[in-house]
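# Descriptive structure summary
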Amino acid sequence: MEKEQENKIYNDAIAFFGETSQKIMVIEEMSELTKELCKELRDRGNIEDIADELADVEITLAQIKTIYNIHKMVEEHKDFKLHRFASRMEELKSKQNK
Ligand SMILES: [Mg+2]
């Protein structure tokens with residue numbers, strides 16, 4: 001789906017259901033993903049169900065970013081954290097190789 005169309009759906013959902021409802025939805029969807037991952041760890045999981053719940057979480061997280069208008073801020077935090085994570089892994093790898 002095109003980004004513009006996706007953003008329109010998010011804005012429509014927030015306008016129709018309200019910000020509070022969509023904040024509750026992301027919490028519900030994260031718990032559904034948690035449940036599917038727990039089931040998978042108990043060998044009762046289903047990859048299709050995990051993918052389905054991941055999609056729900058991504059859709060609801062995008063609405064949270066829209067509500068707070070923080071898409072760019074999230075990307076900046078993500079970029080910082082990924083670089084920090086990569087350099088910590090490099091440190092750990094170099095310690096292992098000594
Ligand atoms: Mg769900």
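The sections below set out a description of the structure shown in this document. (Residues numbered from 1 in each chain as written. Predicted model: local features only at pLDDT ≥ 70, side-chain atom pairs only at ≥ 80, totals over all residues. Heavy atoms only, no water.)

For the rest of this paragraph, the subject is the coordination of the magnesium ion. Ligation of the magnesium ion by protein atoms is provided by E29 (OE), E32 (OE), E53 (OE) and D56 (OD), these donors lying 2.0 to 2.2 Å from the ion. Mapping the donors of the magnesium ion onto the primary sequence yields the spacing E-x2-E-x20-E-x2-D. Here the residue E53 and the residue D56 both occupy positions in helix 3 (residues 47–68), the gap between them amounting to three residues, near one helical turn. In this structure E53 comes out as buried when scored by relative accessible area, which is 11%. (Donors = N, O, S within 2.8 Å, 3.2 Å for Na, K, Ca; no water. Helix = DSSP H or I, 4+ residues; strand = E, 2+ residues; numbered from the N terminus. Buried < 20%, exposed > 50% of the residue type's maximum accessible area, 1.4 Å probe, protein only.)

Mapped onto the elements, T66 comes out in helix 3. Looking at T66, the relative accessible area reads 18%, which means it is buried. A polar side-chain atom of T66 sits 2.9 Å from the main-chain carbonyl oxygen of A62. Setting aside anything within four residues of it in sequence, one finds T66 in contact with Y10, N11, I14 and H71. (Polar contact = N/O pair within 3.5 Å; in protein donor to acceptor, adjacent residues only side chain to side chain. Contact = heavy atoms within 4.5 Å.)

Turning to the environment of N69, a few remarks are in order. Relative to the assigned elements, N69 resides in the loop between helix 3 and helix 4 (71–96). Residues N69 and R84, spaced 15 residues apart in sequence, show a C-alpha to C-alpha distance of 25 Å.

Scanning all chains against the criterion turns up one aromatic pair. Seen from their ring centres, F16 and F17 are 5.0 Å apart, and the 90° between their planes marks the pair as edge-to-face. Across the pair, F17 and F16 agree in class, each one exposed. (Phe/Tyr/Trp six-rings, centres within 6.5 Å; stacked < 30°, edge-to-face > 60°.)

This brings us to unusual backbone geometry. One non-glycine residue, D43, adopts positive backbone phi at about 60°. Its location among the elements puts D43 in the loop between helix 2 (19–41) and helix 3. Although it is not a glycine, N69 adopts a positive phi angle of roughly 50°.

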